[in-house]
Amino acid sequence: MKKLLAIGLMMGFGFTQLQAQSVEEAQSHIYYGKYTSAKNTLNQVLANKAKNADAIYWLGQTHLKEDDLQAAKTVYQNAVQSGIQAPILTVGLGHIALLEGDNAKAKQLFEEAIASSTRRKKEDPAILNAVGRANADGPSTVGDPAYGIAVLERAAAIDPNNAETYMNMGINYLKMGNDRGGDAYGAFTSALRVDPNHAAAKYRLGKIFLTQGNREKFEGYFIGATESDPKYAPAYLELYNYYAQRDVNKAKEYLENYMANSDKDCNVDFFYADYLFRAGKYQESLDKGKAMANGNCKDLPRLPVLFAYNYDRLGDTANARASIEQYLANAPKDKVQPDDYLLAANVLKKMPGREDAAINYLKVAIQNDTVKSNQYMYMDTIASLYKKKGDFANRLQWLQKSYALNPSPSNLDIYNLGDAALQVENYDLADSMFNTYATKYPEQVYGFIGLARSAVARDKDTTAGSAVPAVRQLITFLEKDPQKNKSMLLQQYAYLVYVQANVFKDYAAALQELEGILRVDPENSYAKQTSEQIKKVMSASSRQSQASSKKS
């Protein structure tokens, strides 16, 4: 009897657990980015009630979260073909139509779903929200965000205390372009007004400031998301991605939190392999990736990117190139990250004659990356590749673009632009940049070097002597530490000697410049020999002048 009772209790417990699986639980898994758990939960719900339209809808949404459009489409079509009629599934089919680029069909389905769910002239906010969610999905080129926002505003009017409505609204605003960033910020802030601990809203606000490069703001929001809800894995992942290239130990902490709060799936394995790469364990990372490729994770899209990074660091440029080009050739364009193009460019620029291909990848990265600091980094890299090719006109053009975009150009940015202008004989721009450098950084020599170089270059055949003031200004700076600057001082004084003696025929001034050389290097043979030669010329000239005076 005891055994029978125990078996009965176990069966009852199992049944209770099965019943406990719900659509709401699956939605929670989706919110936390745990798509495997969401699918398992929904499949259990459907095993118990095959015609649960909400479960079918969210199963399709989970497939879309995993970028599996065909699986989602099959789920929705099979449900409708089996006779399940529900407005939420009509929205699901409209969502598929949007992602396939048929906006007209999508809108028709959305309006049909809204109309069929309206009762006593009152629209169903859940259906309106699903329409807004569909238009929020995908890249900016997909969907009709303005329509999505209009529908969501109707949902908010009916139910103003649904944070998800404002979340979907904010994402739609972001799809409309950077000039609607303020509206997106307002929508996500409205979600926090409804729920001050809404981790996803803080996460989305962090993403806005991440694109602006505002570390204090985005880090504050991402950390705030984890403090509001320690289980919110997406925020840990963003923090990991940020610190992965800056502080590998700090990145590891965030990765461990991400892994602890995520499904144990291929994505977790991938990010661990990524961490091994960031930690400098390139062979271990490569081996981990290969093990994934030979197992259940073989279809993970970004594995070739992982391979490319590791091959590049291991010095295998050929395999690095093959891996990243394989990925870029096959991945959907909206899934390619700007850093992927940068990786391709960095690999190709190591291969002679592949500079143009590298430049093309960087141009695509500029178009796809909304972070300004990344854009001018790509532009600077393009400029360096043109310099390598000897195409100085294009080098200048790209450095000018970078400088115009950069709100806080560094001393190196200023100098490089001046140097690029000098290479194409744009002396006015060169002088402007080097003067800016000398004014902003008077304790550094490079502005004065640039001004002297520009002045000397203007006087191409050294017949005007117009560079003397700039060269003398450089000498004045160098003489603050004559021993440290000995080599450069000798060069500048030698230039002045030449100009004084050969251009101005001022031999006394030339001797003074030679004395400058001897102050720095008392045993300088050039200065000693040239002094003797000039003195002989001066003596001969004096005797000739005296002889001429006697004759007259």
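Residues numbered from 1 in each chain as written. Predicted model: local features only at pLDDT ≥ 70, side-chain atom pairs only at ≥ 80, totals over all residues. Heavy atoms only, no water.

J.: Please explain the overall build of the protein chain as it appears in this structure.
T.: Within the protein chain, the secondary structure is distributed over 30 helices and zero strands. Radius of gyration (C-alpha) of the protein chain: 35 Å, far over the 24 Å computed for a compact globule of 552 residues. Here the protein chain, with 552 residues, has 46% of them falling under the buried criterion. Relative to all contacts within the protein chain whose residues are 6 or more apart in sequence, the contacts with residues 24 or more apart total 50%. Of the roughly 28,200 Å² that the protein chain leaves accessible, carbon and sulfur atoms contribute 50%. Computed over 65 positive and 62 negative side-chain charges, the separation of the two mean positions in the protein chain equals 2 Å. (Helix = DSSP H or I, 4+ residues; strand = E, 2+ residues; numbered from the N terminus. Rg over C-alpha atoms; globule rule 2.2 N^0.38 Å. Buried < 20%, exposed > 50% of the residue type's maximum accessible area, 1.4 Å probe, protein only. Contact = heavy atoms within 4.5 Å. Areas by Shrake-Rupley, 256 points an atom, 1.4 Å probe, with all protein chains shown as cover. Lys, Arg positive; Asp, Glu negative; His and termini not counted. Charge placed at Lys NZ, Arg CZ, Asp CG, Glu CD.)

J.: Would you take a moment to explain the side chain of Asn310 for this structure?
T.: Counting through the fold element by element, Asn310 comes out in helix 18 (residues 303–313). Asn310 gets classed as buried once you look at its relative accessible area, which sits at 0%.

J.: Mind showing me how you'd approach the state of the cysteines here?
T.: Here is the idea: a disulfide is a covalent bond, and it sits between the sulfur atoms of two cysteines. This structure, assessed with the given rule, holds one disulfide. Bridging Cys266 to Cys297, the disulfide has an S-S length of 2.1 Å. Looking along the S-S bond of the Cys266-Cys297 disulfide, the torsion reads about -90°, which is the left-handed sense. Of this pair, Cys266 sits in helix 16 (residues 266–278) while Cys297 sits in the loop between helix 17 (282–293) and helix 18, placing them 31 residues apart in sequence. Accessibility expressed as a relative area gives 9% for Cys297, which makes it buried. (Disulfide = S-S within 2.5 Å.)

J.: Mind showing me how you'd approach helix 9 (residues 145–158) here?
T.: Taking 1.5 Å of rise per residue, the 14 residues of helix 9 would be expected to cover 20 Å, and the 20 Å separating its terminal C-alpha atoms lies within 8% of that figure. Within helix 9, the full set of buried residues consists of Pro145, Tyr147, Gly148, Ile149, Val151, Leu152, Ala155 and Ala156. Tucked inside the fold, the buried residues of helix 9 contact helix 7 (103–117), helix 8 (125–136) and helix 10 (163–175). (Expected span 1.5 Å × (residues − 1).)

J.: Quick question: what am I supposed to make of the packing of aromatic side chains here?
T.: For any pair of aromatic rings, the description rests on two quantities: the centre-to-centre distance and the angle between the ring planes. Considering all chains together, one arrives at 27 aromatic pairs under this definition. Relative to Phe222, the ring of Tyr203 has its centre 5.8 Å away and its plane inclined at 45°; by these criteria the two rings are tilted. Placement of the pair is Tyr203 in helix 12 (residues 199–211) and Phe222 in helix 13 (residues 215–228), with a sequence separation of 19 residues. The residues Tyr203 and Phe222 share a single accessibility class, namely buried. (Phe/Tyr/Trp six-rings, centres within 6.5 Å; stacked < 30°, edge-to-face > 60°.)

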